[in-house]
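Spelled out, the chains give:
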Amino acid sequence: MITGIQGIRIRRAVAVAVTTGSLFATGALTAAPAQAVTAPTITAKSGFMMNSATGTTLFSKYGSTHRLTASTTKIMTAKVVLAQSNLNLDAKVTIKKAYSDYIVSKGASSARLIVGDKVTVRQLLYGMMLPSGCDAAMALADKFGTGTTVAARTKNFIAKMNNKAGQLGMTNTHFDSFDGISNGSNYSSAKDLTLLARSAMKSSTFKSVVKTKSYTAKTITSSGTTRTMSAWKNTNALLGWNGTLGIKTGSGTEAKYCLVFAATYNGESVMGAVLTSSSADNRTADVKKLINYGYAKIA
């Protein structure tokens, strides 16, 4: 049993040991104080990162400022689809000429879906999130929107995206498209996209899709035969680096380069976004800095 006087002596000894950098005092080991971690400087106009386990903010640079989101918008498209009640991921969607016409008119990124083919909802999620197919995004919006025309259904789906943003507390977000090709009012913030990512990553289906590097879909042609599509490659070059699990890239003339990311290593998990990077290389460098900083900060 340690007496009060002995206890005081031990505490004094430990205090002296910590001050002098010694690792022991009175036979007891004590850890050296943690070193301060310096926040990184990033080139992106906005950045945000949180501890994905606790939701604690780890980094913010104009985190709540409105920015164009480009194809990171597709995270919300996937979120709305996966939130549908009684969702059947194996339900088939017939690819319409309207989807093809849309990507041609917009010069948009494509999953190279073929008019008349039947493609499952699950396959469309891969086609949207890996090669960033705007045709796949439109097919999903058309499938899960309500209305009598493609235009009406996609408009209704976008309303669902905004409703979901409100539910998630994304107060600096507004969507006017299902794929990030803005019609004049499509914006979010790095913090809001991180909130969205944290929610989306709770879905095992979403998590499996976004961490996949390559996916080959087998679709059903209009004549009933099986078509093996060319492999869809994930546009996220950081996958697998230092525990990176996803989530979605984005790029555009005005939006520049964006990336919403999630990473886990040795039990430490971070999640965040960088928006309006000047180049793909700078975007990658920024995210690497943030992930390393996040791990160090949590540790």
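Residues numbered from 1 in each chain as written. Predicted model: local features only at pLDDT ≥ 70, side-chain atom pairs only at ≥ 80, totals over all residues. Heavy atoms only, no water.

Further remarks concern the side chain of Ser277. Residue placement: Ser277 occurs in strand E13 (residues 268-277). Look at Ser277 and you get buried, because its relative accessible area is 0%. With sequence-adjacent residues up to four places away left out, Ser277 is seen in contact with Ala44, Lys256, Tyr257, Asn282, Arg283 and Asp286. (Helix = DSSP H or I, 4+ residues; strand = E, 2+ residues; numbered from the N terminus. Buried < 20%, exposed > 50% of the residue type's maximum accessible area, 1.4 Å probe, protein only. Contact = heavy atoms within 4.5 Å.)

Here the focus is the packing of aromatic side chains. Overall, the coordinates contain four aromatic pairs when judged by the stated rule. With centroids separated by 3.8 Å and ring planes inclined at 5°, the aromatic side chains of Tyr126 and Tyr215 adopt a geometry described as stacked. One end of the pair, Tyr126, is in helix H4 (residues 121-129); the other, Tyr215, is in strand E7 (residues 214-215), and 89 residues separate them in sequence. Neither Tyr126 nor Tyr215 differs from the other in exposure class; each is buried. Both rings, one in Tyr265 and one in Tyr295, keep their centres 5.9 Å apart while their planes meet at 35°; by these two values the pair is tilted. Here the residue Tyr265 occupies a position in strand E12 (residues 256-265), and Tyr295 occupies one in helix H9 (residues 280-298), the gap between them amounting to 30 residues. The exposure class of Tyr265 is partly exposed, given its relative accessible area of 43%. Through a chain of ring-to-ring contacts, the aromatic side chains of Tyr126, Tyr215 and Trp232 assemble into a single cluster. (Phe/Tyr/Trp six-rings, centres within 6.5 Å; stacked < 30°, edge-to-face > 60°.)

What follows concerns the confidence of the model for the protein chain. Chain-level statistics for the protein chain give a pLDDT mean of 90 and a share of 88% at 70 or above. Counting contacts from residues 1-34, a segment whose pLDDT is below 50, to residues more than four positions away or on other chains yields 17 contacts. (pLDDT = per-residue confidence, 0-100.)

Counted according to the given criterion, the structure contains five salt bridges. We note a salt bridge from Asp117 to Arg227, for which the minimum N-O separation is 2.7 Å. In this pair, Asp117 sits in the loop between helix H3 (97-106) and strand E6 (118-120) while Arg227 sits in strand E9 (residues 226-228), placing the two residues 110 residues apart along the sequence. Residue Arg227 is classed as partly exposed on the basis of its relative accessible area of 27%. Between Arg153 and Asp142 there is a salt bridge, with its nearest N and O atoms 2.5 Å apart. Here the residue Arg153 occupies a position in helix H6 (residues 150-167), and Asp142 occupies one in helix H5 (residues 134-144), the gap between them amounting to eleven residues. Here Arg153 falls in the buried class, since its relative accessible area comes to 15%. Assessed through its relative accessible area of 4%, Asp142 is described here as buried. Counted as one network, the salt bridges with shared partners bring together Lys96, Asp142 and Arg153. (Salt bridge = Lys/Arg side-chain N within 4 Å of Asp/Glu carboxyl O.)

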